[in-house]
Amino acid sequence: MIHVHVYEKWWIVLTIIMLVAFTAAIGVSAFAAGIQVPSPYALVDPKTVAKTPPFDNPGLRELSPGKYEAYVLAQASPWKFTPAEIRVPVGATVTFYVTSVDVQHGFKIQDTNINMQILPGQVSKLTHTFDKAGEFPYECTEYCGVGHQNMFGKIVVGP
Ligand code: CUA
């Protein structure tokens, strides 16, 4: 019979408790709190995505009253998001589909849970409901070259 030191036993018990607690926390945040991680929604060809629907006409579409989808392109040289401004009414639920035509970028909207890596060849998707009026700036969060700081835009939530 192997002798296990009493402290070691406690550490084993503690480790098992932590594993159970963290696994439960993932389950609660995913299913009860509805927290999503950016999902690789689709794979695209970064060389042709800007000429192919729906990214050939980036911007907002209304799907049904209060439900929208927004297609956003990120690019370097010149560094920008297309579109640079999106206007929605208060209460709008917007699903963002964002992709890059060249290098790795980021897409973060202030005061929301939207914060995604934007990879060339992949469409990243997240949804947010804008309950309050105001301006919600978005910006690139991955260093992508000398014009990185020029990559910004805003969501204008109006009446
Ligand atoms: Cu795009 Cu930094």
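Residues numbered from 1 in each chain as written. Predicted model: local features only at pLDDT ≥ 70, side-chain atom pairs only at ≥ 80, totals over all residues. Heavy atoms only, no water.

What should I look at first to understand the sheet that holds strand β8 (residues 115-118) in this one?
The sheet built from five strands is open, its strands ordered β5-β11-β10-β7-β8 with mixed pairing. Looking at the sheet topology across the chains shown, the edges are occupied by β5 (85-89) and β8. Shown here is a sheet whose adjacent strand axes are inclined to one another by a mean of 20°, direction ignored. As defined by bridge partners, strand β7 (residues 105-109) adjoins β8 across four bridges and the pair is classed as antiparallel. Along β8, the bridge assignment pairs F107 with M116. (Pairing = 2+ DSSP bridges. Helix = DSSP H or I, 4+ residues; strand = E, 2+ residues; numbered from the N terminus. Axes fitted to C-alpha atoms, helices over the stretch in contact; angles between N-to-C directions.)

Is there a simple way to explain the pairing of strand β10 (residues 134-139) in this structure?
Put simply, side chains in a regular strand alternate between the two faces of the sheet. Sheet topology places β7 next to β10; two bridges connect them, and they run antiparallel. Looking across to β10, one finds that K108 is bridged to E139. One ladder, built from six bridges, connects β10 with strand β11 (residues 152-158); its direction is antiparallel. For G134, the partnering residue across the bridge sits in β11 and is V157.

So what exactly am I meant to see when it comes to the pattern of salt bridges here?
Applying the stated criterion to the full structure yields two salt bridges. Here R87 ties to E85 by a salt bridge, and the two come within 2.8 Å at their closest N and O atoms. With its nearest N and O atoms 3.5 Å apart, the salt bridge here joins E135 to K154. Within this pair, whereas E135 is found in strand β10, its partner K154 is found in strand β11, the two being separated by 19 residues in sequence. Residue E135 is classed as partly exposed on the basis of its relative accessible area, which comes to 48%. (Salt bridge = Lys/Arg side-chain N within 4 Å of Asp/Glu carboxyl O. Buried < 20%, exposed > 50% of the residue type's maximum accessible area, 1.4 Å probe, protein only.)

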